[in-house]
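Inside the fold
Chain by chain, the residues run as shown.
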Amino acid sequence: MPSHNPLVAVYPGSFDPITNGHLDLIQRCAPLVDKLVVSVLRNAHKHPLFTLEERVAMLRSVASPFPNVEVDCFDGLLVDYARQKQAKLLLRGIRAISDYEYELQMALMNRRLAPEIETMFMMAGEAYSFISSKLVKEVIGLGGNISGLVPPSVEEKLKQRFLGRE
């Protein structure tokens with residue numbers, strides 16, 4: 001009987017903050033793989049609203065219902081990280097044509113660097129196709145209602161962060 005090599009996928013992102021769109025992809029991808037590693041990119045050039053530790057903690061909290069989801073963080077080349085995690089699949093979400101153009105470039109570069117690792121694009125669920133972390137932060141920063149755009153625990157953190165800034 002042949003041995004089973006577990007299928008590991010990596011879902012990278014800044015997750016600043018995690019949205020219901022991100023959570024939708026996690027929920028839909030987790031049953032398709034043996035292990036899904038949701039990994040927060042540590043990017044020194046960006047100035048995120050939440051620290052790396054806060055983003056990892058928020059992700060762990062909302063991903064806890066999925067037993068095969070691991071939350072981690074990384075820096076450097078995604079394909080190097082994927083190899084370290086023994087992943088054969090990179091998960092990327094697509095909301096619009098503009099996402100596709102950028103993601104296609106990244107997927108082709110990743111394929112050149114690591115031909116053994118595939119990229120899987122998942123379309124955003126219709127209800128989440130307009131949501132981005134950036135837009136969520138803009139809306140709450142201007143006093144708008146973000147309920148239903150992010151998990152309730154993340155909404156609380158956003159309210160605390162923005163109320164604390166006033």
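Notes on the structure in this doc start here. (Residues numbered from 1 in each chain as written. Predicted model: local features only at pLDDT ≥ 70, side-chain atom pairs only at ≥ 80, totals over all residues. Heavy atoms only, no water.)

**Quick notes on unusual backbone geometry**
- Of note, the bond from Asp16 into Pro17 is cis; its omega dihedral lies within 30 degrees of zero at 0°.
- Residues other than glycine seldom take positive phi values, yet Phe15 does so here, at roughly 50°.
- Residue placement: Phe15 occurs in the loop between strand S1 (8-13) and helix H1 (20-29).
- A positive phi angle, near 60°, is found at Gln86, a position not held by glycine. (Helix = DSSP H or I, 4+ residues; strand = E, 2+ residues; numbered from the N terminus.)

**Comments concerning the nonpolar core**
- Ranked by size, the top nonpolar core spans 36 residues in total, and within it Tyr11, Ile26, Leu36, Val38, Leu59, Val69 and Leu158 carry the most contacts.
- Of all the secondary structure elements, the ones that give two or more residues to this core are S1, H1, strand S2 (35-41), helix H2 (52-63), strand S3 (69-74), strand S4 (89-94), helix H5 (133-141) and helix H6 (152-165).
- Per-element tally for this core: the top contributor is H2, with six residues.
- Apart from residues lying up to four places away in sequence, Val38 is in contact with Tyr11, Phe15, Ile26, Leu59, Val69, Glu70, Val71 and Asp72.
- By size, the runner-up hydrophobic cluster in this structure holds 12 residues, among which are Phe74, Tyr81, Ala82 and Ala114. (Core = buried A, V, L, I, M, F, W, Y, C linked by side-chain atoms within 4.5 Å. Buried < 20%, exposed > 50% of the residue type's maximum accessible area, 1.4 Å probe, protein only. Contact = heavy atoms within 4.5 Å.)

**Examining the sheet that holds S2**
- An order of S3-S2-S1-S4-S5 is seen for the five strands of this open sheet, with the pairing classed as parallel. The open sheet has two edge strands, S3 and strand S5 (118-123), and neither has a second partner. Taking each pair of neighbouring strands and ignoring which way they run, the sheet shows an average axis angle of 30°.
- With six bridges connecting them, S4 and S5 associate as parallel partners. Bridged to Arg92 within S5 is Phe121.
- Contacts from H1 reach S1, S2, S3, S4 and S5, with the element oriented near 120° to S5.
- Relative to the sheet, helix H4 (residues 97-113) contacts S4 and S5, its axis offset from that of S4 by approximately 170°. (Pairing = 2+ DSSP bridges. Axes fitted to C-alpha atoms, helices over the stretch in contact; angles between N-to-C directions.)

**Looking at the pattern of salt bridges**
- Counted under the stated rule, the structure contains 12 salt bridges.
- In this structure, the salt-bridge partner of Asp24 is Arg28, at a minimum N-O distance of 2.8 Å. Of this pair, Asp24 and Arg28 both sit in helix H1, four residues apart, which is roughly one turn of the helix.
- Two residues, Glu155 and Lys159, come together in a salt bridge whose shortest N-O distance is 3.2 Å. With Glu155 and Lys159 both in helix H6, this residue pair falls four residues apart, about one helical turn.
- Using a relative accessible area of 12% as the deciding quantity, one classes Glu155 as buried. (Salt bridge = Lys/Arg side-chain N within 4 Å of Asp/Glu carboxyl O.)

**Topic: the side chain of Arg55**
- Along the polypeptide, Arg55 turns up in helix H2.
- Comment: no salt bridge for buried Arg55; closest opposite-charge side chain is Asp16, at 4.3 Å.
- Apart from residues lying up to four places away in sequence, Arg55 is in contact with Ser14, Phe15, Asp16, Val40, Leu41, Pro48 and Phe50. (Lys, Arg positive; Asp, Glu negative; His and termini not counted.)

**Describing H4**
- In this model, H4 (17 residues) spans 24 Å end to end at C-alpha, consistent with the 24 Å of a helix rising 1.5 Å per residue.
- Looking at the packing, one finds that the buried side of H4 touches helix H3 (78-84), S4 and S5. (Expected span 1.5 Å × (residues − 1).)

**Re the packing of aromatic side chains**
- The full count for this structure, using the stated rule, is three aromatic pairs.
- Between the aromatic rings of Phe74 and Tyr81, the centroid separation amounts to 4.7 Å while the plane-to-plane angle is 25°, which identifies the pairing as stacked. By the burial criterion, Phe74 is buried, and Tyr81 matches it.
- A ring pair is formed by Tyr100 and Phe121, whose centres lie 5.8 Å apart and whose planes are at 75°; its orientation type is edge-to-face. Here Phe121 lies in strand S5 and Tyr100 lies in helix H4, a separation of 21 residues in the sequence.
- For Tyr100, a relative accessible area of 36% translates into the label partly exposed. (Phe/Tyr/Trp six-rings, centres within 6.5 Å; stacked < 30°, edge-to-face > 60°.)

Distances and angles like these do not, on their own, reveal function.
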